[in-house]
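The primary structure of each chain is shown beneath.
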Amino acid sequence: MNARILRVADDRFAVPVESTARGQALAAELAQLDGCIDAVGAIACVEVRFDAAATPAARFRASIRDVLSGFRGAEPGRGLVHEIPVEYGGAAGPDLDGVCAALGMTVEEFVDRHTGGECTVAMLGFTPGFAYLDGMDAGLAVPRRNVPRSDVPAGSVGIAGPRTGIYSLQGPGGWRIVGRTSRQLFDPDAPEPFLFAPGDRVRFVAVNR
Amino acid sequence: MTLIVERPGLQTLVQAGPRDGYRNRGVPGAGAADILSLALANRLVGNALDAAALEVTLSGVGLRATAPCRVAVTGASCALRIDGSAAGMHRCLELAAGQHLDVGAAESGARSYLAIAGAFRADSVLGSASTYLPAGLGGYRGRSLAAGDVLEIAGDPQADGSRETPGRFRLIYTDSWTLRALPGAEMHLLVEEHAERLFHEPFSVSPRNDRMGVQLDTQAFRLDSTGLLDSRPVFPGTVQCPESGIPFLLGVDAQTTGGYPRIAEVTRLDRHLTGQLRTGNRVRFLQRSADEAVRELHAAHEFWSEWLPGIDALL
């Protein structure tokens, strides 16, 4: 793997990757490097923050290069499949009617298609445990809201472009909210605080239709 | 039982060092918004530099001691009173049982830090005692302090004598700040004449400022961006510019990923200053290369280490 390693801050490097899954696997390996503070995989890149006070940048860049040269790609995930109950529309999904109008389909068709396939957890990010899911029916893609909401409830299921996602916490957000699940994605008191891991699969189940 | 909260103020949080290593699962670092002032406070009472202390925001806090203790206040300048008598910042203060300590409103800067000998007891979550409010993690039950809360000491106070911070290690805040920064990875999305403004014009700190980020008001930047960037990693110190053209400087509670162009990156050394910005302050960015920034970081560590041994692990 001969990727470019870009210095994006005095204490950060970025490595472009061709898939989110590869990025997640690469981030996990880079997190083990001496001097690594945080390795974060996103949609098309991994960024690594290193301790620039203790680790010379040139040495850290060489360490990244070593990892890349031995990197074989994403391991199969733990393979968990989650059934996520979702209440679609109404107060739980305030954007559902608008999304259906924009897509020119009925609510029933939308729900059938959103629950019809299996999605994959591409990554966690934004806030603790927020899940970005790949594999949504491409016909359901809609852009983010122009003006983000200041207060999206925890468990809200949203759409932003080709991706669907689940808000782990109450807070601000710009995704179009079509429903809400009662499942808790992040529980700091649990032995495993995060419900999802990258590579897990998700099936939505409508509970009110 | 050691201190009882009588006047909680606008937002008083238990904060320590950052919760590093979990950004890949969406967990921000949190921790003291101004880590240097936290370290200075802890130094005066003989604690580890990143021990849990109180981060007091803008309006101060009022506490009553139920047992003798030693405390120190650093950071945003404010008036201190013990049972109504003036006391000084940047020094170790003895409180007797029953005495009231009032930390006044911040006069310059936004956040004062109150450390106690032995450190505050706090909930440690994912390796840090720091409060992350959006998820209710860490600190004192994951929330801001409220009237009647009882704060306890975590460990045995070190038998350090009373001290004060030498003058050359006291920071003086103004309402005008210069933050050293690198051009961001998506700075090229700013139209050319606006890219030049980034490192030349002053910004004004908007009322929209908190631990997550600070909006920097300016004449709106124009971007060659459709608003459809893939989510990228963002960190404290990242300056994002949404389509509105009004940039945001991200703070210690920053989200871990974001889809807006990253137009600048404040250097590691100057990130702690973000925690002292308040509404109406002026901010300029001073351009640095990565290598210049690291040289300045080493020089600063050399300076601060004389008073704060081990600060290079935090600042």
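First, a word on scope: everything that follows refers to the structure included in this document. (Residues numbered from 1 in each chain as written. Chains lettered and ligands numbered in written order. Predicted model: local features only at pLDDT ≥ 70, side-chain atom pairs only at ≥ 80, totals over all residues.)

## Overview of the overall build of chain A
- When helices and strands are counted, chain A shows 4 helices and 13 strands.
- For the C-alpha atoms alone, the extent of chain A along its principal axes is close to 55 × 35 × 35 Å.
- For chain A, with 209 residues in total, the buried portion stands at 46%.
- For chain A, contacts bridging at least 24 residues in sequence account for 60% of all contacts bridging at least 6. (Helix = DSSP H or I, 4+ residues; strand = E, 2+ residues; numbered from the N terminus. Buried ≥ 20, exposed ≤ 12 C-beta atoms within 10 Å, placed from the backbone. Contact = placed C-beta atoms within 7 Å.)

## Things to note about the overall build of chain B
- Within chain B one finds 3 helices and 20 strands.
- Restricting to contacts in chain B with at least 6 residues of sequence separation, those with at least 24 account for 74%.

## Section: the pairing of strand E12 (residues 176-180) of chain A
Residues and elements named next belong to chain A.
- With 5 of its 5 residues buried, E12 lies for the most part within the structure.
- Relative to E12, strand E5 (residues 81-88) runs antiparallel, the two being bridged by 2 bridges. Following the sheet pairing, Tyr88 is matched in E12 by Gly179.
- Of the pairings in the sheet, the one linking strand E9 (residues 156-160) to E12 comprises 4 bridges and is antiparallel in character. Residue pairing across strands places Val157 opposite Gly179, the latter belonging to E12. (Pairing = 2+ DSSP bridges.)

## Quick notes on the interface of chain A and chain B
- Each partner contributes to the interface: chain A provides 36 residues, whereas chain B provides 32 residues.
- Taken together, the elements giving at least two residues each to the side of chain A that touches chain B come down to strand E1 (6-9), strand E2 (12-16), strand E3 (36-41) and strand E4 (45-50) of chain A.
- Looking at the side of chain A that touches chain B element by element, the count peaks at 5 residues for E3(A).
- Looking at the side of chain A that touches chain B residue by residue, the classes come out as 22 nonpolar, 7 polar and 7 charged. (Nonpolar A, V, L, I, M, F, W, Y, C, P; charged D, E, K, R; others polar.)

## A closer look at helix H1 (residues 35-44) of chain B
Residue and element names in this part refer to chain B.
- Judged by how many residues are buried, H1 sits mostly within the fold: 10 of 10 residues are covered.
- All of the buried residues along H1 are Ile35, Leu36, Ser37, Leu38, Ala39, Leu40, Ala41, Asn42, Arg43 and Leu44.
- Residues of H1 that are buried sit in contact with strand E2 (11-15), strand E3 (53-57), strand E5 (69-77) and strand E10 (108-116).
- Phi turns positive, to about 80 degrees, at Gly46, one or two residues after H1.

## A word on helix H4 (residues 107-116) of chain A
All names here are of chain A.
- Taken together, the buried positions of H4 are occupied by Phe110, Val111 and His114. Considered in projection along H4, the buried side chains sweep an arc of 95 degrees and stay on one side of the axis.
- Summarising the contacts, the buried residues of H4 are in contact with E5, helix H3 (96-103), E12 and strand E13 (201-206). (Arc of directions from axis to C-beta.)

## A closer look at the environment of Asn208(A)
All names here are of chain A.
- Looking at the element boundaries, Asn208 is found in the segment after E13.
- By C-beta crowding, Asn208 is classed as partly exposed, having 13 other C-beta atoms within 10 Å.
- With 119 residues separating them in the primary sequence, Asn208 and Gly89 have C-alpha atoms 9.1 Å apart.
- Not counting residues up to four positions away in its chain, the partners in contact with Asn208 are Glu87 and Tyr88.

## Thoughts on unusual backbone geometry
All names here are of chain B.
- Its identity as a non-glycine residue notwithstanding, Ala119 has a phi of 75 degrees, on the positive side.
- Along the chain, the position of Ala119 falls in the loop between E10 and strand E11 (150-151).
- Its identity as a non-glycine residue notwithstanding, Arg141 has a phi of 55 degrees, on the positive side.
- With respect to the helices and strands, Arg141 occurs in the loop between E10 and E11.
- The class of Arg141 is partly exposed, set by 14 C-beta atoms lying within 10 Å.

## Some points on the pairing of strand E12 (residues 176-183) of chain B
Residue and element names in this part refer to chain B.
- Pairing of E12 with strand E20 (residues 282-287) involves 6 bridges; the strand directions are parallel. Each residue of the ladder has a partner; that of Ala181, found in E20, is Gln287.
- Note: E12 against strand E19 (residues 262-266), 3 bridges, orientation antiparallel. For Leu182, the partnering residue across the bridge sits in E19 and is Glu265.

## Here's the deal with the environment of Leu216(B)
Residue and element names in this part refer to chain B.
- Locating Leu216 in the fold gives a position in strand E14 (residues 213-217).
- Separated by 161 residues in the primary sequence, Leu216 and Glu55 place their C-alpha atoms 23 Å from one another.
- The residues touching Leu216, leaving out its near neighbours within four places in the chain, are Phe203, Val205, Ser206, Pro247, Leu249 and Val283.

## Quick look at the sheet that holds E4(A)
All names here are of chain A.
- Strand order in the open sheet formed by 4 strands is E1-E2-E4-E3, and the pairing between neighbours is antiparallel. Only two strands of the sheet have a single neighbouring strand rather than two, namely E1 and E3. The average undirected angle you get between the axes of adjacent strands in this sheet is 25 degrees.
- Relative to E2, E1 runs antiparallel, the two sharing 3 bridges. Bridge pairing links Leu6 to Ala14 in E2.
- Packed onto the sheet, helix H2 (residues 57-69) meets E1, E2 and E4 and runs at close to 25 degrees relative to E2. (Axes fitted to C-alpha atoms, helices over the stretch in contact; angles between N-to-C directions.)

## As for the nonpolar core
- In terms of nonpolar packing, the biggest core is built from 157 residues, with Val46(A), Ala41(B), Ala53(B), Val71(B), Leu114(B) and Ala115(B) touching the most fellow members.
- For this core, the element with the highest residue contribution is H1(B), accounting for 7 residues.
- Ala115(B) has contacts with Ala41(B), Asn42(B), Leu44(B), Val45(B), Asn47(B), Ala51(B), Ala53(B), Val71(B) and Ala72(B), leaving out every residue within four places of it along the chain. (Core = buried A, V, L, I, M, F, W, Y, C linked by C-beta atoms within 7 Å.)

## Considering the sheet that holds E12(B)
- What the 7 strands build is a closed barrel, ordered E12-E19-E16-E17-E14-E13-E20 (chain B); its pairing is mixed. Within this sheet the neighbouring strands show an average axis-to-axis angle of 40 degrees, counted without direction.

## Considering the environment of Gly280(B)
All names here are of chain B.
- Note on placement: Gly280 falls in the loop between E19 and E20.
- For Gly280, a count of 11 C-beta atoms within 10 Å puts it in the exposed group.
- Through-space distance from the C-alpha of Gly280 to that of Glu152 is 36 Å; in sequence the pair is 128 residues apart.
- In this view, Gly280 contacts Asp175, Ser204 and Val205; residues no more than four positions away in its chain are not counted.

Purely spatial values, then, with no claim about function.
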